[in-house]
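# Commentary on secondary and tertiary structure
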Amino acid sequence: MENDTLNTWLPFVDFLAEACGSSCEVVLHDLLNPEHSIVAIRNNHISGRSVGEGLSVFARQIMAHGEHKEKNFVTNYFGKAGNSKFLRSSTFFIRDKEGELVGMLGINMDLTPLWEARKTLDQMLSMGGVTNETIERAKNYKRIDLSIEEMLHSLLEQTIED
């Protein structure tokens, strides 16, 4: 790689990918070569991209709008990969010694499994008409898992507290 500034970031790509797990894609872009900007990518099963591919449309928009001139990074924006993966992404702008933008480090978290789990939980909770009000009332329900001894002990504790 000709971009010496980015060489120092290569181990960080591996570190982030390992620390964040397989649902986190980490990609390093060399902006001196925008048509083949991806110089390192881990967990690329999320987007399907590979080393040697160019900048995404979103990365090009960031550069065109000049966000990198006013900020060091952009965090927690949402996007999609393909037609089915929902992502939460963040981008760090990498500058050389002169302060010129030479690279970007992107993190793309695949939220699809969490989104699906949330939909399932929402469906399950709404089946019986469960609402926030129902949940609040349930906090006052009697426990059904107590033995007689535990129930008596609990009643004694409540009486002493009152």
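Up top you'll find the structure we're talking about.
Because the structure is a prediction, the values reported are computed rather than measured.

Attention now goes to the layout of surface pockets. Any empty space left between the atoms is revealed when a probe the size of a water molecule rolls over them. Here the largest pocket is characterised by a volume of approximately 400 Å³. The wall of the largest pocket is formed by 23 residues, among which Arg49, Ser56, Phe58, Ser89 and Asn108 lie closest to the centre. Those elements giving two or more residues to the lining of the largest pocket turn out to be strand S1 (24–30), helix H3 (57–65), strand S3 (73–81), strand S4 (85–95) and strand S5 (101–110). Looking at which element gives the most residues to the lining of the largest pocket, the answer is S3, with five residues. When grouped by side-chain class, the residues that make up the lining of the largest pocket number ten nonpolar, ten polar and three charged.

Moving on, we get to the packing of aromatic side chains. One pass over the structure, following the stated rule, counts four aromatic pairs. Ring plane angle 40 degrees and centroid distance 5.4 Å describe the contact between Trp9 and Phe92, whose orientation is recorded as tilted. Of this pair, Trp9 sits in the loop between helix H1 (4–7) and helix H2 (10–20) while Phe92 sits in strand S4, and the two are 83 residues apart along the sequence. Ring centres of Phe86 and Trp115 lie 5.7 Å apart, and the angle between their planes is 35 degrees; this geometry places the pair in the tilted category. With a gap of 29 residues between them, Phe86 in strand S4 and Trp115 in helix H5 (residues 112–127) connect regions that are remote in the sequence.

The subject of this paragraph is unusual backbone geometry. Non-glycine residue Asn43 carries a positive phi angle of around 60 degrees. Relative to the helices and strands, Asn43 is located in the loop between strand S2 (38–42) and H3. Although it is not a glycine, Asn76 adopts a positive phi angle of roughly 55 degrees. In this structure, Asn76 sits in strand S3.

Moving on, we get to H2. Of the residues making up H2, those classed as buried are Val13, Leu16 and Ala17. In a view along the axis of H2, the buried residues occupy a sector of 95 degrees, so they form one face of it. Those residues of H2 that are exposed and aimed more than 90 degrees away from the buried face are Pro11, Phe15, Glu18 and Ala19. On its buried face, H2 is in contact with S1, S2 and S5. Gly21 sits one or two residues past H2 and shows a positive phi near 95 degrees.

The side chains of a regular strand alternate, residue by residue, between the two faces of the sheet. Among the ten residues in S5, nine count as buried, and that is most of the element. Pairing between S1 and S5: seven bridges, direction antiparallel. Across the sheet, the residue bridging to His29 is Met104, located in S5. By the bridge criterion, nine bridges tie S4 to S5 in an arrangement that is antiparallel. Looking across to S5, one finds that Ser89 is bridged to Asn108.

Here is what the cut-offs are and how they apply
- Throughout this description, residue numbers start from 1 for each chain and increase along the sequence as written.
- Residues qualify for local features only when their pLDDT is at least 70, as the model is predicted, and side-chain atom pairs are given and counted only at 80 or more; totals for whole chains, interfaces and linings, by contrast, use all residues.
- To obtain the side-chain values, all non-hydrogen atoms of the structure were used and water was disregarded.
- Cavity means a closed set of points on a 1 Å grid over the protein atoms alone, one where a 1.4 Å probe fits but cannot get out, pocket means an open set with protein on both sides within 12 Å along at least 5 of 7 lines, and lining means a residue has an atom within 4 Å of a point.
- Grid points are joined across faces, edges and corners, and a volume is the space filled by probe spheres set on the points.
- The secondary structure listing takes helices from DSSP runs of H or I that are at least 4 residues long and strands from runs of E that are at least 2 residues long, numbered from the N terminus.
- Note on residue categories: nonpolar means Ala, Val, Leu, Ile, Met, Phe, Trp, Tyr, Cys or Pro, charged means Asp, Glu, Lys or Arg, and polar means any other residue, Gly included.
- Aromatic rings from Phe, Tyr and Trp, taking only the six-membered ring of Trp, are treated as a pair when their centres fall within 6.5 Å; an angle between ring planes under 30 degrees marks them as stacked, one over 60 as edge-to-face, and anything in between as tilted.
- The buried label goes to any residue with under 20% of its type's maximum accessible area, the exposed label to any with over 50%, and the partly exposed label to all in between, with areas taken from a 1.4 Å probe on protein chains only.
- Think of it as the arc spanned by the lines of direction from the helix axis to the C-beta atoms.
- Throughout, a residue-residue contact means that at least one pair of heavy atoms, one from each residue, lies within 4.5 Å.
- Between any two strands, at least two bridges found by DSSP are needed for them to pair.

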